[in-house]
Amino acid sequence: MVNLADGSVEVIACGEQSAVERLCEWLWEGSPMSSVESVVCAEWRDDPPEGFQTG
């Protein structure tokens, strides 16, 4: 998860499909101090981005 300069947050998640789906649902709620305006979930079928930690 990274906070971007425009105030948005980018999350890259991997795991069991049901767990990732639950995360996407939770993102609409966010943390108590967050203000969620939109959520975009997309499947990524490529190598992880540079610097992404696996395992």
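Quick caveat: nothing in here was measured; it's all calculated off a predicted structure.

Cut-offs used in this document
- Residues numbered from 1 in each chain as written.
- Predicted model: local features only at pLDDT ≥ 70, side-chain atom pairs only at ≥ 80, totals over all residues.
- Heavy atoms only, no water.
- Helix = DSSP H or I, 4+ residues; strand = E, 2+ residues; numbered from the N terminus.
- pLDDT = per-residue confidence, 0-100.
- 1 Å grid on protein atoms, 1.4 Å probe; cavity = no way out; pocket = protein on both sides within 12 Å on 5 of 7 lines; lining within 4 Å.
- Points joined across faces, edges and corners; volume = space filled by probe spheres on them.
- Nonpolar A, V, L, I, M, F, W, Y, C, P; charged D, E, K, R; others polar.
- Buried < 20%, exposed > 50% of the residue type's maximum accessible area, 1.4 Å probe, protein only.
- Contact = heavy atoms within 4.5 Å.

### Quick look at the environment of V20
Position of V20 relative to the elements: it lies in helix α1 (residues 17–27). It is 9.6 Å that separates the C-alpha atoms of V20 and C41, two residues lying 21 residues apart in sequence.

### Things to note about the confidence of the model for the chain
Averaged over the chain, the pLDDT score is 84; the fraction of residues at 70 or greater is 91%. When the elements of the chain are averaged for pLDDT, strand β1 (residues 2–3) gives the smallest value, 84, and α1 the largest, 93.

### Side note on the layout of surface pockets
Vacant regions in the atomic arrangement are exposed by a probe of water-molecule size rolled over the atoms. Here the largest pocket defines a volume of roughly 1300 Å³. Lining the largest pocket are 36 residues, and of these V11, I12, L27, V40 and C41 sit closest to its centre. Sorting the residues of the lining of the largest pocket by element identifies β2 (9–10) and α1 as the ones contributing at least two each. No other element matches α1, which puts 7 residues into the lining of the largest pocket. Here the residues of the lining of the largest pocket sort into 20 nonpolar, 10 polar and 6 charged.

### Quick notes on the environment of V2
If you trace the backbone, V2 turns up in strand β1. Owing to a relative accessible area of 38%, V2 belongs among the partly exposed residues under this scheme. The spatial distance from the C-alpha of V2 to the C-alpha of I12 is 9.1 Å, given a sequence separation of 10 residues. When neighbours within four sequence positions are excluded, V2 is seen to be in contact with S8, V9 and E10.

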